[in-house]
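# Structural description and commentary
The residues making up each chain are set out below.
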Amino acid sequence: MQLVNYETVDQYIAVITLNRPGAANALSSAMLTDLENCIQKIRDDEEIRCVVITASGEKAFCAGADLKERRTMNDEDVVAAVQRISRVCDSIEKIDVPVIAAINGVAFGGGLEIALACDLRVAANHVKLGLTETSLAIIPGAGGTQRLPRLIGVGQAKLLIYTAKTVSAEDALAIGLIERSVAASFLQDEAISIARKITKNGPIAMKQAKKAINQGIDLPIDKALQLEHASYVKLIPTKDRKEGLLAFQEKRKPDYQGN
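Now for a description of the structure that goes with this document. (Residues numbered from 1 in each chain as written. Predicted model: local features only at pLDDT ≥ 70, side-chain atom pairs only at ≥ 80, totals over all residues. Heavy atoms only, no water.)

### Comments concerning the overall build of the chain
Counting its regular elements, the chain contains 11 helices and 10 strands. Here the C-alpha radius of gyration of the chain, 19 Å, is about what a compact globule of 259 residues would show, namely 18 Å. Structurally, the chain occupies a C-alpha span of about 60 × 45 × 35 Å along its principal axes. Considering the chain as a whole, with its 259 residues, one finds that 46% of them fall into the buried category. In the chain, of all internal contacts separated by at least 6 residues, the share reaching a separation of at least 24 is 67%. (Helix = DSSP H or I, 4+ residues; strand = E, 2+ residues; numbered from the N terminus. Rg over C-alpha atoms; globule rule 2.2 N^0.38 Å. Buried < 20%, exposed > 50% of the residue type's maximum accessible area, 1.4 Å probe, protein only. Contact = heavy atoms within 4.5 Å.)

### Comments concerning the packing of aromatic side chains
The final tally for this structure, using the stated rule, is 0 aromatic pairs. One cation-aromatic arrangement involves Arg-49 over Tyr-12; the distance from NZ or CZ to the ring centre is 3.8 Å. (Phe/Tyr/Trp six-rings, centres within 6.5 Å; stacked < 30°, edge-to-face > 60°. Lys NZ or Arg CZ within 6 Å of the ring centre and 35° of its normal.)

### Here's the deal with the sheet that holds strand 1 (residues 4-9)
Spatially, 6 strands are ordered 1-2-3-5-7-10 in an open sheet, and the strand pairing comes out mixed. In this open sheet, the two edge strands, each paired with only one partner strand, are strand 1 and strand 10 (180-182). The mean inter-strand angle of the sheet, taken between neighbouring strand axes irrespective of direction, is 20 degrees. (Pairing = 2+ DSSP bridges. Axes fitted to C-alpha atoms, helices over the stretch in contact; angles between N-to-C directions.)

### Here we look at helix 10 (residues 221-233)
Between its terminal C-alpha atoms helix 10 stretches 18 Å, which fits the 18 Å expected from 13 residues at 1.5 Å a residue. Considered for burial, the residues of helix 10 that qualify are Ala-224, Leu-227 and Ser-231. The arc enclosing the buried residues of helix 10, seen along the axis, measures out at 55 degrees, which places them on a common side. Among the exposed residues of helix 10, those oriented more than 90 degrees off its buried face are His-229 and Tyr-232. (Expected span 1.5 Å × (residues − 1). Arc of directions from axis to C-beta.)

This is the structure in structure tokens:
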């Protein structure tokens, strides 16, 4: 069985589906290999303008590391496994087009860390989310202690990590952990709808906007503004920018080609 499925929608949208529903889509070594291969496909496909990451079933988006597999490992193997999940999360974050997590079920530990590495998070309204590692006498090791406070603030992040508590989609929306909460039956449609809106815009502009936001957020404001300006300047000579102006003048939808 393929542990991670890959398909394209409307030519420009890549949909990655975690596919171990019987194991709560836990991150086994084999699944991580499939996920790495999917990320490489996206990097190799210049047509892709947006990515959606979701999972099979309604029970789990991803319950985190495969603890059954983890129990068979020695200390060195555990460290290597955690580092591998971290590298996968980093690879997701570094995809140069927008990435949407469509969270169809519970997202705990490494599962939530995957969602945190995405640009946007849309969750079914029945889901629970949390970084629960401290209940297992460990800490989030795939970026959770760094990405979560950057997203929801230091205090809220400490509350979730220190208590290992899980939150509902409603509470996650209230604290900014997710950007949308919808009925499970509408989750895929909502994620694809957002992706379609993204892909209608200039693809080079999307990449530069993501770069400016992600790289600028930790810089002093003067340096961040310089980064923004440099990203803007790169768009001036593009054919897409000229197409956008022409389409506005002619009162039609632009046809962006990514050049």
